[in-house]
Amino acid sequence: MSENKPVPVAVAKVSPSAERPLREVPGKTLKVALLGCGTVGSQVARLLTEEADELAIRSGARLEVAGIAVRRLAHPRPGIDPSLLTTDAMALATRPDIDIVVEVIGGIQPTHSLLLAAMRAGKSVVTANKALLAEHGEQIHDVSHRYEADLYYEAAVAGAIPILRPLRESLAGDTVHRVMGIVNGTTNFILDRMDSSGADFSESLEEAQELGYAEPDPTADVEGFDAASKAAILAGLAFHTKVTASDVYREGITEVTAADIASAKTLGRIVKLLAICERSGASGPEAGVSVRVHPAMIPRTHPLAAVGGAYNAVFVEAKSAGQLMFYGAGAGGTPTASAVLGDIVAVARNRLAGTRGPEVSTHAGLPVRPMGDTLTRYHVSLDVADKPGVLAPVAEAFARHGVSIQAVRQTSRGEDALLVIVTHEARDADLAATVSELEALPVVRAVASVMRVEGEGDQ
Ligand code: HSE
């Protein structure tokens, strides 16, 4: 047979009547209980109604909103059938006819009790609750396992961005080394404003509040609590290890000054609040993970540097996949509802197939290393006297703690000078000890700022 001779292909003849209709809306129904009807919940309810036929075709069953738990019945809710509303969330979450419970209330209680009760009653659960998962994830996953209940929570981290399923499923065959993300839109908006306008933190926070990006009480965002919960979830999935919010080292952005931002700019860097989850030590007894949230300077050429406004992005580095970046809207009713809807369709499909999604795996059991052991770099700004003999004791303080200096930049300001020192990588504890010693040096008038430097080798 000649190499070029075409190989005959058998073509199956299908009569039109035997073909499966492409858009057959299934007759079966799965009942959904929605716990919470705020910014995200109201959009989930709207989309479940408006996209009902399409979602039914994709899921294999009609997804009927069978009840909505709210705090106040009288609150105006355009487009929501008032007969669906109840204030008894527990009764709704455990009602015998309910198949899927969707929790978009947030906070630890009553959501903790509601989700456990729902899973014990055999419901599939979808939640957007990062704080609950970061604090009680182990118990919640354990109940999901014992009661064979699906538990999906894509919306808990970075809103619309698909990042948990990629870590849990797409990268299940790879080894993740690092996850570094901008996972809080409020702080990214504030830092972006400080960078573009030169404004200080409080002015930029006020602007974020006026525009509705920041809450009237911004603590959870600006102090890094929100990002720390997300970091715990990301690290747990990336490294197959139990990580809780209390394992995460956390610093917020309230101490970031306009001078820090300006100094970063001069050095070709930008300040971002980062959630960093890293595997440390290749294997053996040294293996561990470090999980931290803090402001850091990254090169302006880093992929995360281009993430502006209230957007989120997560940069992942894996052994075989190399560097990946996930980018998009990290908050907001409709974007977050997109992630919730994706989970609802997934649990509906699983339910109809009599199966469950993949379980979370914590088999690696890696220890979470203390922040002091983490390898980082520092950018240190010092107010010093501009006179002979200043540089030597400053350099000696670094040397005494085994910290190598990468760059020094001095700007004269009359009798004083601003000395900016950027270090090579060193243990965080050694860098902190160096800074304490600098604070006590007679030639140092003040340690104006200390900020970590990240992402140098990433582009
Ligand atoms: N407050 C969060 C943010 C959104 O600013 O990104 C919800 O996690």
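Residues numbered from 1 in each chain as written. Predicted model: local features only at pLDDT ≥ 70, side-chain atom pairs only at ≥ 80, totals over all residues. Heavy atoms only, no water.

J.: Any chance you could explain the site of the ligand here in plain terms?
T.: Neighbouring residues of the ligand: Lys130, Asn184, Gly185, Thr186, Asp221, Asp226, Lys230 and Ala331. In the model, a nitrogen atom of the ligand is placed 2.9 Å from a nitrogen or oxygen of the Asp221 side chain. One of the side-chain nitrogen or oxygen atoms of Lys230 is found 2.8 Å away from an oxygen atom of the ligand. Relative to its free-state accessible area of 260 Å², the ligand is covered by the protein chains to the extent of 79%. When contributions to the shell around the ligand are tallied by element, the ones reaching two or more residues are helix H7 (185–197) and helix H10 (225–239). Classifying every residue of the shell around the ligand by side-chain character gives one nonpolar, three polar and four charged. (Near = heavy atom within 4 Å. Polar contact = N/O pair within 3.5 Å; in protein donor to acceptor, adjacent residues only side chain to side chain. Areas by Shrake-Rupley, 256 points an atom, 1.4 Å probe, with all protein chains shown as cover. Helix = DSSP H or I, 4+ residues; strand = E, 2+ residues; numbered from the N terminus. Nonpolar A, V, L, I, M, F, W, Y, C, P; charged D, E, K, R; others polar.)

J.: How do you make sense of the domain arrangement of the protein chain when you look at a structure like this?
T.: Buried accessible area, meaning the area lost when the parts come together, often serves as the stated size of an interface. Domain parsing of the protein chain yields domain 1 (29–159 + 336–353), domain 2 (164–329) and domain 3 (373–453). Computed over C-alpha atoms, the centres of domain 1 and domain 3 are 52 Å apart. (Domains from an automatic or database assignment.)

J.: What exactly am I supposed to notice about helix H8 (residues 201–210) here?
T.: Owing to its 3.6 residues per turn, the α-helix aligns residues three or four sequence positions apart on the same side. Taken together, the buried positions of H8 are Phe201, Ser204, Leu205 and Ala208. Here the buried residues of H8 occupy an arc of 105 degrees about the axis, which is enough to place them on one side. Buried-residue contacts for H8 involve H7 and helix H9 (219–222). For H8, the side-chain oxygen to backbone nitrogen distance between the N-cap and Ser202 is 3.4 Å, and the N-cap itself is Asp200. Of the residues one or two after H8, Gly212 is the one with positive phi, at around 85 degrees. (Buried < 20%, exposed > 50% of the residue type's maximum accessible area, 1.4 Å probe, protein only. Arc of directions from axis to C-beta. Contact = heavy atoms within 4.5 Å.)

J.: Can you walk me through the pairing of strand E13 (residues 375–385) in this structure?
T.: Each regular strand carries side chains that alternate between the two faces of the sheet. Counting buried residues in E13 gives ten out of eleven residues, a clear majority hidden from the surface. Taken together, the two bridges between E13 and strand E16 (residues 426–427) define a ladder with antiparallel strand orientation. In the sheet register, Leu375 faces E16, and the bridge partner there is Arg427. Of the strand pairs in this sheet, E13 and strand E15 (residues 416–423) are connected by seven bridges, and their pairing is antiparallel. Residue pairing for E15: Leu382 is matched across the bridge by Leu419. (Pairing = 2+ DSSP bridges.)

J.: In this structure, what is going on with a nonpolar patch on the surface? I would like to understand it.
T.: A contiguous nonpolar patch, built from Tyr311, Met325 and Tyr327 and spanning about 300 Å² of accessible area, is present on the exposed surface. Relative to the helices and strands, Tyr311 is located in strand E11 (residues 311–318). We classify Tyr311 as partly exposed; its relative accessible area is 40%. (Patch = residues over 30% accessible without salt bridge, like charges linked within 9 Å, V, L, I, M, F, W, Y side chains within 5 Å. Salt bridge = Lys/Arg side-chain N within 4 Å of Asp/Glu carboxyl O.)

J.: What is the right way to look at the packing of helix H4 (residues 111–120) against helix H5 (residues 130–146) in this model?
T.: The axes of two packed helices give the description: the angle between them and the distance between them. Direction vectors running N to C along H4 and H5 enclose 15 degrees, while the axes themselves pass 10 Å from each other. As far as their axial angle goes, H5 and H4 are roughly parallel. Where H4 crosses over H5, the handedness of that crossing is right-handed. Every residue of H5 that contacts H4 at Thr111, His112, Leu115, Leu116, Met119 and Arg120 is listed here: Leu132, His136, Gln139, Ile140, Val143 and Ser144. (Axes fitted to C-alpha atoms, helices over the stretch in contact; angles between N-to-C directions. Parallel < 35°, antiparallel > 145°, perpendicular 65-115°, else oblique. Left-handed = near helix turned anticlockwise from the far one by under 90°.)

J.: Would you take a moment to explain the pattern of salt bridges for this structure?
T.: This model, assessed by the stated rule, comprises 27 salt bridges. Notably, a salt bridge pairs Glu50 with Arg46, separated by 2.8 Å at the nearest N-O pair. Of this pair, Glu50 and Arg46 both sit in helix H1 (residues 39–50), four residues apart, which is roughly one turn of the helix. The class for Glu50 is exposed, based on a relative accessible area of 53%. Notably, a salt bridge pairs Asp428 with Arg452, separated by 2.8 Å at the nearest N-O pair. One end of the pair, Asp428, is in helix H14 (residues 428–440); the other, Arg452, is in strand E17 (residues 444–453), and 24 residues separate them in sequence. Summarising the burial analysis for this pair, Asp428 and Arg452 share the class buried. A network of salt bridges, in which partner residues are shared, links Lys31, Arg95 and Asp97.

J.: Can you help me understand the environment of Arg250 in this one?
T.: For Arg250, the position within the fold is in strand E8 (residues 249–250). With a relative accessible area of 32%, Arg250 lands in the partly exposed category. For the pair Arg250 and Ala227, spaced 23 residues apart in the sequence, the C-alpha separation amounts to 8.7 Å. Look past the residues within four positions of Arg250 in its chain and what remains in contact with it is Glu223, Gly224, Phe225, Ala228 and Val293. Here Glu223 takes part through its backbone oxygen, which lies 2.8 Å from a polar atom of the side chain of Arg250.

J.: I'm lost on the packing of H1 against helix H12 (residues 333–353) in this one. Help?
T.: Packing of H1 against H12 leaves a shortest axis separation of 8 Å and a crossing angle of 60 degrees. With respect to their mutual orientation, H1 and H12 come out oblique. Taken as a pair, H1 and H12 cross one another with a handedness that is right-handed. On H12, the residues touching Thr39, Val40, Gln43, Val44, Arg46, Leu47 and Leu48 of H1 are Gly333, Thr334, Thr336, Ala337, Val340, Leu341 and Ile344. Here the residues of the contact of H1 with H12 are counted per class, giving eight nonpolar, five polar and one charged.

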